Protein chains: 2
Amino acid sequence: MGTVVIKFGGSSLSTTDKIKNAARRIIAEKQSGKNVVVVVSAMGKTTDQLLTLAGEITDHPAKREMDMLLATGEQVSIALLTMALTEMGEQAVSLTGWQAGIITEKVHSNARIVDVKTDHLEEILNDGKIIVAAGFQGVTEDGEITTLGRGGSDTTAVALAAALKAERCSICTDVTGVFTSDPRYVPKARKLSAISYDEMLELANLGAGVLHPRAVEFAKNHSVPLEVRSSTVNEEGTVIEEEATMEKNLIVRGVAFEDDITRMTIFGLKSEITGLPSVFSTLAENQIDVDIIIQSQTDSQTNLSFSIKDKDRQEAIDVLERKKDAIGFDHIECETGLSKVSIVGSGMVSNPGVAAKMFEVLAENGIQSKMVSTSEIKVSVLVDSKQMKPAAQYLHDAFELGALEDTAAK
Amino acid sequence: MGTVVIKFGGSSLSTTDKIKNAARRIIAEKQSGKNVVVVVSAMGKTTDQLLTLAGEITDHPAKREMDMLLATGEQVSIALLTMALTEMGEQAVSLTGWQAGIITEKVHSNARIVDVKTDHLEEILNDGKIIVAAGFQGVTEDGEITTLGRGGSDTTAVALAAALKAERCSICTDVTGVFTSDPRYVPKARKLSAISYDEMLELANLGAGVLHPRAVEFAKNHSVPLEVRSSTVNEEGTVIEEEATMEKNLIVRGVAFEDDITRMTIFGLKSEITGLPSVFSTLAENQIDVDIIIQSQTDSQTNLSFSIKDKDRQEAIDVLERKKDAIGFDHIECETGLSKVSIVGSGMVSNPGVAAKMFEVLAENGIQSKMVSTSEIKVSVLVDSKQMKPAAQYLHDAFELGALEDTAAK
């Protein structure tokens with residue numbers, strides 16, 4: 001009997017009515033003749049409530065205790081969802097992270113899964129019961145409770161699917177699948193029936209927000225077929241799988257965008273050799289993510305530009321200014337209110353004209369690109385935030401993403 | 001270095017401010033040079049909130065899932081209290097029931113502790129750290145999460161104290177100790193400095209409500225010195241220990257009472273031999289606790305009276321009527337609105353006049369006793385609820401509980 005893993009996020013479980021809906025969806029899957037493993041996040045606002053309590057006690061909670069606290073969120077969800085399944089006549093068993101054999105490294109708040117012990121899971125599935133496992137959490141070999149950090153529940157689902165050799169891992173969420181762009185901004189955006197891991201990785205990293213890149217990467221490495229689908233609407237979602245299974249590729253598969261970006265420029269860097277590493281290690285030590293980086297040389301000096309999130313701007317300035325002498329630079333300037341617009345598609349790699357066409361489209365429409373970054377399957381540009389939405393629409397039109405039938409994965 | 005176990009109940013942890021207060025109390029104990037193990041219940045109303053969620057999903061939750069759900073309550077408490085201790089500069093480690101090595105039998109919702117594995121606990125204490133353990137919960141040898149039922153956190157505290165050979169187990173609660181009677185009803189009630197396990201057992205069973213009888217019994221069996229004290233007021237509590245350590249006993253140590261009691265009488269029981277066991281097994285199967293039992297014989301028939309809680313009355317009638325033919329009886333009558341008033345004291349066993357004096361005092365004051373029950377160290381009577389408070393006061397005065405200095409345990 002084939003096994004499927006189904007993951008429900010917190011917003012799909014925010015009320016007991018939604019939990020009952022999830023239970024119905026799960027039972028339909030079970031009745032189609034599958035072994036079913038469900039992975040859940042904490043209910044709706046639970047995590048926020050727990051964080052508020054911790055915040056009333058300390059500004060610097062020990063990470064171990066934070067994990068202990070937050071792990072209760074999914075434990076509530078698994079118990080309630082299992083009660084709902086039982087109430088509807090199905091046999092189901094809830095399992096915490098440690099009971100589900102999710103072994104992680106000895107790191108709190110952001111642990112990676114190192115092993116999944118499947119004996120107990122297989123026993124329960126062989127008894128014909130549904131497993132409801134807590135996402136986001138695991139246990140070290142020493143018996144310490146850990147959490148997996150951002151995207152943790154998606155990662156748990158993929159890890160269980162890989163360990164149990166599941167035929168599919170379905171991520172049930174607020175949207176019905178992966179779209180060519182965000183339909184709230186680009187009305188012609190269309191749901192894709194299939195997309196490759198790499199394309200999804202770029203889209204996930206670029207703020208599409210449907211699926212955490214970490215989970216996509218895990219799925220790619222273990223060849224777990226992923227599906228993104230709605231937790232409420234019963235329609236086909238988007239399948240994420242190896243390139244090879246798709247007969248034909250669109251050159252550009254989607255347009256992603258992300259708001260609230262700052263471009264920071266450090267002028268007059270004294271030494272390229274020591275200056276660059278010390279800038280980025282300083283930022284990394286302070287958990288400030290840097291995205292696009294550009295280094296430019298004028299006659300007399302080296303300037304360094306990079307993009308960060310608006311929310312990190314002040315801290316970035318503070319930590320760099322504190323190390324000004326050690327790093328060795330003249331001054332810092334910032335431009336805020338920027339957005340990143342990206343085109344993604346694995347067909348790009350063999351089409352060198354794609355980036356050129358992108359710049360052309362933007363230029364024709366009077367949109368200035370402030371920074372550019374490329375990978376084999378995406379091109380990103382920073383633009384003024386006011387131009388984010390029109391830029392996305394022009395690009396969506398120019399690459400004919402809305403017009404085409406989605407035949408790529410047929 | 002001596003070890004002490006300190007238990008805080010849910011009402012002592014209902015807000016983050018109260019959690020900080022508990023932390024201060026714990027640190028004072030630690031700084032007096034002790035190894036400290038703290039046992040906590042779920043915060044204030046947490047359990048009720050969880051029960052409400054479960055109730056929205058099903059009227060008959062699986063006990064296993066209920067344990068899974070409720071066990072999150074203490075896990076939140078241990079994390080927050082440990083954060084508070086760390087914030088105040090102490091090294092502390094939170095442990096769930098399974099992490100604390102609390103092994104129970106394979107029963108959900110009402111499991112008994114069968115073992116405490118102390119290796120990990122001793123390691124942490126030897127490192128000079130405070131342990132904050134979740135009360136009320138344990139784990140089976142198979143790794144199933146269980147809860148201990150009523151009085152569970154008190155029992156966890158005593159079990160840890162016994163396993164770690166602690167010099168004391170302090171139960172921190174809403175009151176400052178064990179009183180000769182409930183001060184809300186008997187203004188002259190006085191705090192006892194010491195009381196024996198057996199006396200405390202009778203008082204606990206009789207509704208004094210300070211300490212669960214199960215925990216007292218566990219403490220008695222393992223000779224764990226117990227102390228009941230306030231979680232907020234810093235004053236000596238009441239020590240509960242073996243008789244032998246007390247030089248002198250009051251004949252009567254306290255007056256306890258309990259409201260909302262029904263006397264149920266089954267008339268015309270056909271057969272004493274089969275009727276009695278089937279009545280009480282029927283009630284037991286339906287989790288209806290019976291307290292005082294009186295069997296009376298008239299010329300022609302056997303009648304059976306017993307006391308139960310008012311809340312169980314209708315169910316008791318229903319289940320007995322359903323089995324009327326099997327049990328064999330004529331009809332049932334009930335008298336509701338009764339209360340139980342009891343005098344407790346280990347000196348009683350060698351003073352046969354105590355019961356007589358009790359009846360005398362009640363009679364003199366026009367209080368009719370409707371049922372009587374005695375043990376070696378207590379006498380209980382059922383009276384009309386309106387007379388509960390005066391009865392308690394008359395008895396408290398008659399046995400001079402308020403007048404005497406409490407020299408019993410000096």
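Numbers given for residues are sequential positions, taken from 1 along each chain in its written order. All chains are assigned letters beginning with A, and all ligands numbers beginning with 1, in the order in which they are written. Residues qualify for local features only when their pLDDT is at least 70, as the model is predicted, and side-chain atom pairs are given and counted only at 80 or more; totals for whole chains, interfaces and linings, by contrast, use all residues. Only hydrogens and water are set aside when side-chain values are computed; all heavy atoms of the structure are taken into account.

Where an unreviewed UniProt entry is consulted, chain A appears under the name Aspartokinase, with the organism given as Siminovitchia sediminis. UniProt positions are given in the numbering used here, feature names are shortened, and annotations may be inferred rather than shown by experiment. Taken from UniProt, the Catalytic activity (unreviewed entry) comment for chain A reads in full: "L-aspartate + ATP = 4-phospho-L-aspartate + ADP". UniProt lists a comment for chain A under the heading Function (unreviewed entry), and it reads "Catalyzes the phosphorylation of the beta-carboxyl group of aspartic acid with ATP to yield 4-phospho-L-aspartate, which is involved in the branched biosynthetic pathway leading to the biosynthesis of amino acids threonine, isoleucine and methionine."

J.: Even after reading the chapter, I still don't get the interface of chain B and chain A, so can you show me in this structure?
T.: Each side of the interface is counted separately: chain B has 39 residues, and chain A has 39 residues. Once two parts are put together, the accessible area they lose, assessed with a 1.4 Å probe and summed over both, is termed the buried area. Buried surface at the junction of chain B and chain A, summed over both partners, amounts to about 3200 Å²; 67% is from carbon and sulfur atoms. Salt bridges are identified by distance alone: a Lys or Arg side-chain nitrogen within 4 Å of an Asp or Glu carboxyl oxygen. Between the two partners, chain B and chain A, sit 0 salt bridges. Under the rule applied, a polar contact is a pair of N or O atoms within 3.5 Å (in protein, one hydrogen donor and one hydrogen acceptor; residues adjacent in sequence only if both atoms are side-chain atoms). Linking chain B to chain A there are 14 residue pairs in polar contact (both at pLDDT 80 or more). Where the side of chain B that touches chain A is concerned, the elements lending two or more residues are α1 (16-31), α2 (46-57), α3 (63-87) and β3 (92-95) of chain B. Only DSSP runs of H or I with at least four residues qualify as helices, and only runs of E with at least two residues qualify as strands; both kinds are numbered from the N terminus onward. Per element, the largest residue contribution to the side of chain B that touches chain A is 16 residues, and it comes from α3(B). Residue classes follow a fixed rule: Ala, Val, Leu, Ile, Met, Phe, Trp, Tyr, Cys and Pro count as nonpolar, while Asp, Glu, Lys and Arg count as charged, and any other residue, Gly among them, counts as polar. Here the residues of the side of chain B that touches chain A are counted per class, giving 23 nonpolar, 9 polar and 7 charged. Contact between two residues is taken to exist if any of their heavy atoms lie within 4.5 Å; hydrogens are not considered.

J.: Looking at this model, I keep getting lost on the pairing of strand β9 (residues 168-173) of chain B. Mind explaining?
T.: Remark: a regular strand shows side chains that alternate across the two faces of the sheet. Residues and elements named next belong to chain B. When accessible area is computed with a 1.4 Å probe and restricted to protein chains, residues below 20% of their type maximum are described as buried, those above 50% as exposed, and intermediate ones as partly exposed. Burial of β9 is extensive: 6 of the 6 residues sit out of reach of the surface. Relative to β9, strand β1 (residues 3-8) is paired through 5 bridges, and the arrangement is parallel. The partner of K7 across the bridge, within β9, is I171. Where β9 lies against strand β11 (residues 226-230), 5 bridges are found, and the strand directions are parallel. Strand pairing is assigned whenever DSSP identifies at least 2 bridges connecting the two strands.

J.: How should I be thinking about the relation of the copies chain B and chain A in this particular structure?
T.: The atoms used to superpose the copies are C-alpha atoms, taken from residues with pLDDT of at least 70 in both, and the fit is least squares. Mapping chain B onto chain A leaves a residual RMSD of 0.2 Å; the transformation is a rotation of 180 degrees accompanied by 0.1 Å of translation along its axis. The superposition of one copy onto the other is thereby described by a two-fold rotation axis. In terms of C-alpha distance to the rotation axis, chain B has B:T72 as its closest residue, with the C-alpha 2.6 Å off the axis. When the interface residues of chain B are mapped onto chain A, 100% of them again lie at the interface, so the same face is used by both copies.

J.: Sorry, what's going on with the environment of B:V36 here?
T.: Looking at the secondary structure, you find B:V36 in strand β2 (residues 35-40). When sequence neighbours within four positions are dropped, the list of residues in contact with B:V36 reads B:V4, B:I6, B:I26, B:E29, B:K30, B:L125, B:K129, B:I130 and B:I131.

J.: Would you take a moment to explain the sheet that holds strand β18 (residues 378-384) of chain B for this structure?
T.: Residues and elements named next belong to chain B. Spatial strand order, β14-β15-β13-β16-β18-β17: 6 strands in an open sheet with antiparallel pairing. Looking at which strands have only one partner, the edges of the open sheet turn out to be β14 (293-297) and β17 (371-375). Across the sheet, the mean angle from the axis of one strand to that of its neighbour is 30 degrees, orientation sign disregarded. Note: β14 against strand β15 (residues 302-309), 5 bridges, orientation antiparallel. Note on β15: the bridge partner recorded for Q295 is L304. Convention adopted: a line fitted to C-alpha atoms gives each axis, helices being fitted over their contacting stretch, and angles between N-to-C directions are expressed from 0 to 180 degrees. Where helix α11 (residues 353-364) meets the sheet, its contacts fall on β16 (331-344), β17 and β18, and the angle it forms with β18 comes to roughly 20 degrees. Contacts from helix α12 (residues 388-398) reach β13 (254-269), β16 and β18 within the one sheet, and its direction differs from that of β13 by about 125 degrees.

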